[in-house]
Amino acid sequence: MKEKYLKCLIVIVVIIIGGLFIYQNINKENKPLPEVKLKEIVNKNKSFAIMIQNENGYKEYNSDTWPGNGYKFKEFKCIDNNGDEIKEAVTYEEGKITLTTNKTVYCTVYFDYKGTINILRENDSNKNLSSDIQGDMYRYQGTDDVPNWICFGTSNLSECTNETNSDGDSIPDGIDKYMYRIIGVTEEGQLYLLKETFLKEGETNKFKWNTKNLISDCLGETCEWPNTDMYKRLNGEASNGNPIFINNGEYEYMSQDTEWYNLIGDHNWMYGDTNNTSSLVAFNGNEMYAIETGKTKTKRIWPDEETQTTCSSDNPCTEKEYTWSKSTNAKIGLMYMHDIDYAYTGGNPGNDTNIKNSWVHFQKDEYNTSPNLEWLTTRFASFGAASWAYVAARRVNDDGALNASTLTLELGARPVFYLESSVKIASGSGTKSNPYILDVQE
């Protein structure tokens, strides 16, 4: 009888090991468990299932490993063959969950998303992510070992960090194609990303801001940001050249309607001019943010469009007060001057040397050695002496200076974009060797 009894007795002990921490304060992004019958959420072909939180509630997690450090344990539920919940046998102690019962059971473990900002702060031991809002978001600020590395375009860590150099240059293939940096995160959890290396198209990695640069050709809105070749080519249009980011075969993950493309949110990008060269303004994040969002006036050199068609020594252009007031809705942009300034500790670099030492500088990680200049979104307007007839845009120099070049010069370009707030970090710690991996089903 004893032997028969033992055969009939099924004891299932499920021990979840790995330091599953239960937080007393549930993050504001957590959502309640769906009100469905347990027998409907458990696949009875499996004795064990994992559900992770997403924007619609929960989805099944299909992997041979536990959810990454972007998730925290929420709840453990089990049912028997009749669909009745088993409660009394579940215990939690010292990071382990133990289930003991004399019934055949089917169990589901729920994990909640920790929240993007919380994940970033957990891995920010040196406090590089600002504690307060800096120009509409929490921003990474500092010089060395800033933990804001993130993969985009692949969920495969080894693919993203691949050290192969198939084209013979100094940039590893994985980093050149998939590695990005997090400029900051909004209060809503939108990550603002910057490509680590310059864009490529075949053998070239330098591009014109625009193919027109004479003031006589640029009166009105002709050479303003939404009408430029750079803007159009970044956003998937052919304009005096093929697309260089969206719909560029070099970055197949940026083809329209791919999973990765759809993670990028549309954004209202403000645009305008400033010829202010004072270091107290140009190297100050707050000052430049106010200018580049239309909160304060700036100045630019521009002709009187009612009386002038260009600038000349006989009819020079004059410096006028000017306020940014226009925006365009798109997925892709370039950095602003305030993005460069805010990336330095405290958001006020003060000089070009500090810009060069900041994590955001295009040569900080010893990549992007050529070309040695990088385009920004901000335009300068008429460049140089008041009699010059050329239009220029802002750039970052290899020495950290924030200067300007005529629109037809070919410089490096690194795209920036905002992810949708629903996008979640699955794993990683933000280091170059262990960058953040996004929760994307490819």
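Rules used in this analysis
- Residues numbered from 1 in each chain as written.
- Predicted model: local features only at pLDDT ≥ 70, side-chain atom pairs only at ≥ 80, totals over all residues.
- Heavy atoms only, no water.
- Buried < 20%, exposed > 50% of the residue type's maximum accessible area, 1.4 Å probe, protein only.
- Helix = DSSP H or I, 4+ residues; strand = E, 2+ residues; numbered from the N terminus.
- Pairing = 2+ DSSP bridges.
- Axes fitted to C-alpha atoms, helices over the stretch in contact; angles between N-to-C directions.
- pLDDT = per-residue confidence, 0-100.
- Contact = heavy atoms within 4.5 Å.

1. Thoughts on the pairing of strand β2 (residues 48-54)
Counted residue by residue, β2 has six buried out of seven residues, so it is predominantly covered. Judged from the five bridges that link them, β2 and strand β7 (residues 105-113) form a sheet pairing that is parallel. Looking at the pairing, methionine 51 lines up with tyrosine 110 of β7. With four bridges connecting them, β2 and strand β3 (residues 57-60) associate as antiparallel partners. For methionine 51, the partnering residue across the bridge sits in β3 and is glutamate 60.

2. A short note on the sheet that holds strand β18 (residues 391-397)
Pairing within the open sheet is antiparallel, and its three strands lie in the order β17-β18-β19. Edge positions in the open sheet fall to β17 (373-382) and β19 (402-406), since each of these has one partner strand only. Strand-to-strand twist of the sheet, defined as the mean angle between neighbouring strand axes without regard to direction, takes the value 40 degrees. The sheet contact formed by β17 and β18 spans six bridges and is antiparallel. If you follow leucine 373 over to β18, its bridge partner there is asparagine 397.

3. Some points on the confidence of the model for the protein chain
Interpretation of the predicted coordinates at a detailed level should be avoided for regions scoring low in pLDDT. With 86% of its residues at a pLDDT of 70 or more, the protein chain has an overall mean of 86. A low-confidence stretch, residues 1-44 stays under pLDDT 50, and its non-local contacts, those more than four residues away or across chains, total 87 contacts.

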